[in-house]
Amino acid sequence: EPEVTQTPSHQVTQMGQEVILRCVPISNHLYFYWYRQILGQKVEFLVSFYNNEISEKSEIFDDQFSVERPDGSNFTLKIRSTKLEDSAMYFCASGGTRGYQETQYFGPGTRLLVL
Amino acid sequence: AQSVTQPDIHITVSEGASLELRCNYSYGATPYLFWYVQSPGQGLQLLLKYFSGDTLVQGIKGFEAEFKRSQSSFNLRKPSVHWSDAAEYFCAVGAGAGGTSYGKLTFGQGTILTVHP
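A brief structural summary. No experiment lies behind these values; they were computed from the predicted model shown. (Residues numbered from 1 in each chain as written. Chains lettered and ligands numbered in written order. Predicted model: local features only at pLDDT ≥ 70, side-chain atom pairs only at ≥ 80, totals over all residues. Heavy atoms only, no water.)

### Considering the environment of Lys61 of chain B
Residue and element names in this part refer to chain B.
Then comes step 1: Along the polypeptide, Lys61 turns up in the loop between strand S7 (56–58) and strand S8 (64–68).
Then comes step 2: Classification of Lys61 as partly exposed rests on a relative accessible area of 45%.
Then comes step 3: Every residue in contact with Lys61, bar those within four places of it in the chain, is listed here: Gln45, Leu47 and Lys78. (Helix = DSSP H or I, 4+ residues; strand = E, 2+ residues; numbered from the N terminus. Buried < 20%, exposed > 50% of the residue type's maximum accessible area, 1.4 Å probe, protein only. Contact = heavy atoms within 4.5 Å.)

Structure (structure tokens):
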């Protein structure tokens, strides 16, 4: 069964460093998403992406964050200058071909720790 | 704005007992509703979803949920719990047909299920 994959599974970085989190969505999907879950808190929406453009972003998704689909298979989340409060589990999701109102399938997540 | 409330942070049941996890949502139009499960160290696995039609939906692992528009609820049920069901369960709401959200899902805070042998 097709699944979303994410790398790395864990990343430790120093405050102020740049990190890139990678995701490989399900191959025929066109709609992509990033969410994050700070330890003990809700899963929070960050951004949705379609046709090489951001469709919607939350207030969390400030100028330090960017997303890209550099080739036909990867979908990346970049944090330019990490802060302590960026420590969280980051989930990538992909969903369908017909529109935003489709089931989203989540990857296993990348646990980011900023020291 | 859409929101989801899961009133129970932690529920403990005995193996073989029935289970009901509560979910209440707030959304101005027709919602899409989901239940996801997360085992420790794992990602979010879809259990079931409601888009339209029959308000009682069946999912994987013997779970079902009922959409009650009048109560703004989408409670998850299982008639007989297995030890392997121990996990954290998340209810989520998204914009339904005619909605303007670009796929954003709003999650509840989760309910941790502990199963005693």
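### Some words on the sheet that holds strand S1 (residues 5–7) of chain A
Residue and element names in this part refer to chain A.
Then comes step 1: Spatially, the four strands line up as an open sheet ordered S1-S3-S8-S7, and their pairing is antiparallel. Since the sheet does not close on itself, it has two edges, and those belong to S1 and strand S7 (65–68), each with one partner. For this sheet, the mean angle separating the axes of adjacent strands, direction not counted, is 20 degrees.
Then comes step 2: Bridge analysis of S7 against strand S8 (residues 75–79) gives four bridges, and the strand direction is antiparallel. Each residue of the ladder has a partner; that of Phe65, found in S8, is Ile79. (Pairing = 2+ DSSP bridges. Axes fitted to C-alpha atoms, helices over the stretch in contact; angles between N-to-C directions.)

### Notes on the interface of chain B and chain A
Then comes step 1: Across the contact, 23 residues belong to chain B and 18 residues belong to chain A.
Then comes step 2: Here chain B and chain A share an interface that buries about 1700 Å² over both sides, 57% of which is from carbon and sulfur atoms.
Then comes step 3: The largest share of the area that chain B buries against chain A comes from Leu44, Tyr102 and Phe107 of chain B, three residues that together contribute 32% of it.
Then comes step 4: Between the two partners, chain B and chain A, sit five residue pairs in polar contact (both at pLDDT 80 or more).
Then comes step 5: When contributions to the side of chain B that touches chain A are tallied by element, the ones reaching two or more residues are strand S5 (31–38), strand S6 (44–50), strand S10 (87–95) and strand S11 (105–107) of chain B.
Then comes step 6: In terms of residue class, the side of chain B that touches chain A is made up of 12 nonpolar, nine polar and two charged. (Buried area = accessible area lost by both parts, 1.4 Å probe. Polar contact = N/O pair within 3.5 Å; in protein donor to acceptor, adjacent residues only side chain to side chain. Nonpolar A, V, L, I, M, F, W, Y, C, P; charged D, E, K, R; others polar.)

### Observations regarding empty space enclosed by the protein
Then comes step 1: Scanning the model with the defined rule gives one cavity of 30 Å³ or more in all.
Then comes step 2: Of the voids in this model, the largest cavity is the one considered here, and its volume is about 60 Å³.
Then comes step 3: Around the largest cavity, the lining is made up of 12 residues, and of these Tyr100 and Gln101 of chain A together with Gly94, Ala95 and Leu105 of chain B lie nearest the centre.
Then comes step 4: Residue assignment for the lining of the largest cavity shows that the elements contributing at least two residues are S5 and S10 of chain B.
Then comes step 5: When the residues that make up the lining of the largest cavity are grouped by side-chain class, the tally is five nonpolar, five polar and two charged. (1 Å grid on protein atoms, 1.4 Å probe; cavity = no way out; pocket = protein on both sides within 12 Å on 5 of 7 lines; lining within 4 Å. Points joined across faces, edges and corners; volume = space filled by probe spheres on them.)

### Brief notes about the pairing of S6 of chain B
All names here are of chain B.
Then comes step 1: Taking burial as the measure, the seven residues of S6 include five buried ones, the bulk of the element.
Then comes step 2: Across six bridges, the pairing between S5 and S6 is antiparallel. Among the inter-strand pairings, Tyr36 is bridged to a residue of S6, identified as Leu46.
Then comes step 3: Where S5 hands over to S6, the hairpin turn is made up of five residues, of which Gly41 adopts a positive phi near 75 degrees.

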